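# Survey of secondary and tertiary structure
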Amino acid sequence: MNLRTSVARRVRRLLSCCALASGLQACAQETIQQDPAAHHTTTGFQNTHVADVSRGLGDLLRWRWNAWRNKLPPEPQIATPVQAPELAQLSGYSKAWEQRVLSGTAPAPTVTWLGHATALVQAGGLQVLTDPVFSERASPVSWAGPRRAQPPGVAIHDLPPIDVVVISHSHYDHLDKDSVVQLYERSQRLGHPTVFLVPLGLQSLLTGWGITGVQELDWWQSARVAYTDFFLTPVQHWSARGLFDRNRTLWGGWAVFAPDLHWYFAGDTGYSPDFVQTRQHFAHRQTPEQGGPFDLALIPVGAYEPRWFMRQQHVNPAEAVQIHQDLGVKRSMGVHWGTFALTDEPLDQPASDLHNARAAAHLSDEDFFLLAVGQTRTLPGRAAGTRTAP
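Here goes a summary of the coordinates provided. (Residues numbered from 1 in each chain as written. Predicted model: local features only at pLDDT ≥ 70, side-chain atom pairs only at ≥ 80, totals over all residues. Heavy atoms only, no water.)

Counting 59 residues, the largest nonpolar core has Phe230 and Leu298 as the members making the most contacts within it. A total of five residues in this core trace back to one element, the largest contributor, which is strand S9 (residues 253-258). Grouped together as the second largest cluster of nonpolar side chains are 23 residues, Val154, Ile167, Phe196 and Leu206 included. (Core = buried A, V, L, I, M, F, W, Y, C linked by side-chain atoms within 4.5 Å. Buried < 20%, exposed > 50% of the residue type's maximum accessible area, 1.4 Å probe, protein only. Helix = DSSP H or I, 4+ residues; strand = E, 2+ residues; numbered from the N terminus.)

With that out of the way, let us pick up the side chain of Gln127. Here Gln127 shows up in strand S3 (residues 126-130). Among the polar contacts listed, one links the side chain of Gln127 to the side chain of Gln122, at a separation of 2.4 Å. (Polar contact = N/O pair within 3.5 Å; in protein donor to acceptor, adjacent residues only side chain to side chain.)

If you trace the seven strands from one edge of the open sheet to the other, you get S6-S5-S4-S3-S2-S1-S14, paired in mixed fashion. Looking at the sheet topology across the chains shown, the edges are occupied by strand S6 (214-217) and strand S14 (376-378). Across this sheet, the average inter-strand angle for adjacent strands is 20°, counted without regard to direction. (Pairing = 2+ DSSP bridges. Axes fitted to C-alpha atoms, helices over the stretch in contact; angles between N-to-C directions.)

Quick look at the pairing of strand S1 (residues 110-115) now. With six of its six residues buried, S1 lies for the most part within the structure. Two elements, S1 and strand S2 (residues 118-123), share five bridges in a ladder whose sense is antiparallel. The partner of Gly115 across the bridge, within S2, is Thr118. Summarising the sheet, S1 and S14 pair through three bridges and their orientation is antiparallel. Note that in S14 the partner of Thr110 across the bridge is Thr378.

Let us now look at the packing of aromatic side chains. Throughout the structure, instances matching the rule amount to 14 aromatic pairs. With a centroid separation of 5.6 Å and 90° between ring planes, the pair formed by Trp308 and Phe309 is classed as edge-to-face. Look at Phe309 and you get buried, because its relative accessible area is 3%. Through a chain of ring-to-ring contacts, the aromatic side chains of Trp220, Phe231, Phe257, Tyr264, Tyr271, Phe275, Phe282 and Phe294 assemble into a single cluster. In this arrangement the basic side chain of Arg62 is found over the ring face of Trp308, its NZ or CZ atom lying 3.7 Å from the centre. Between Arg241 and the ring centre of Tyr172, over which it is positioned, the NZ or CZ distance is 4.1 Å. (Phe/Tyr/Trp six-rings, centres within 6.5 Å; stacked < 30°, edge-to-face > 60°. Lys NZ or Arg CZ within 6 Å of the ring centre and 35° of its normal.)

To continue, consider the sheet that holds strand S13 (residues 368-369). The sheet built from seven strands is open, its strands ordered S7-S8-S9-S10-S11-S12-S13 with mixed pairing. Edge positions in the open sheet fall to strand S7 (222-225) and S13, since each of these has one partner strand only. One ladder, built from four bridges, connects strand S11 (residues 296-300) with strand S12 (residues 332-335); its direction is parallel. Each bridged residue has a counterpart across the sheet, and for Ala297 the counterpart in S12 is Ser332. The strands touched by helix H9 (residues 317-327) within the sheet are strand S10 (261-265), S11, S12 and S13, with S11 carrying the most contacts at an inclination of about 150°. (Contact = heavy atoms within 4.5 Å.)

As structure tokens, then:
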């Protein structure tokens with residue numbers, strides 16, 4: 001690599017990380033009292049347990065200088081696994097689910113990892129995408145910023161018709177304008193409207209992009225699509241798409257209750273008591289007689305180094321395992337890794353760190369698994385007697 005290429009690469013990394021961590025004001029770690037509206041402020045939103053987790057300009061420059069000086073992140077030793085998608089299986093998930101469930105022949109739920117935090121979950125007759133990012137870069141510009149290490153596991157034009165898109169927050173590696181606009185335009189061409197569920201403050205952004213069918217929710221509020229309930233839940237993070245909109249829009253995870261699968265998507269988060277509280281909040285609809293806790297959780301396991309900078313906003317694999325235990329979930333899948341080099345660890349480190357964290361917690365790789373990009377896993381559905389009736 002010549003000097004010019006090396007310098008250009010480092011400049012692009014600095015620009016991309018500034019976009020990712022563009023919080024330029026120092027924040028106080030103020031403990032917030034429990035209150036249904038405690039996360040609302042006069043200018044936007046804050047976390048429940050720590051008001052703001054974004055770091056100041058001095059910390060940002062210290063992080064980026066150290067990364068530049070030490071040439072971080074290192075190149076991965078092992079490429080992120082990739083598998084050809086099972087398009088026939090995905091497209092065969094029938095919208096006749098309502099009629100077939102009564103005869104016990106409904107297709108089993110599935111989850112497919114498309115890369116980073118984007119997954120396709122097929123359950124309850126719905127096809128749901130989480131934080132769809134299909135673009136080459138996770139960035140406000142097309143010429144700089146984190147570049148994909150591999151193409152999306154399924155191209156937009158190969159996806160089955162999408163019923164619901166859930167967005168966790170406004171950061172560019174979770175909310176990509178080109179991707180959601182393409183999904184919306186495709187849904188219009190197919191005559192198959194897609195519902196876009198977003199946290200408070202993001203509806204106007206999407207409608208400004210020409211997207212209709214957008215619903216925005218506050219923490220603990222829900223939307224019902226067909227026979228499935230979608231709840232926005234608290235997580236510890238922050239939001240911004242520029243330098244002057246810090247925490248003006250809300251962020252969150254998604255608790256989804258389909259008749260045959262209760263699943264959870266954490267979005268992007270630091271570790272906090274929010275996950276124990278989420279389990280407690282939904283305990284009344286997840287009793288043993290009703291089938292127990294969440295069947296599946298999608299939990300981030302990447303973008304966590306250095307810990308002094310990332311700890312409050314991004315969990316590491318050991319904390320991801322703790323979230324798995326806090327939720328009491330039956331099985332978890334790691335997301336938010338292996339696709340975009342956002343922080344100081346190499347793209348393959350989350351897999352090895354998760355292996356060690358599982359072993360320390362006496363969990364198997366079936367309890368907390370990783371998929372190859374493009375891979376689909378069929379999931380055990382909730383027993384018919386414990387399902388919410390259509």
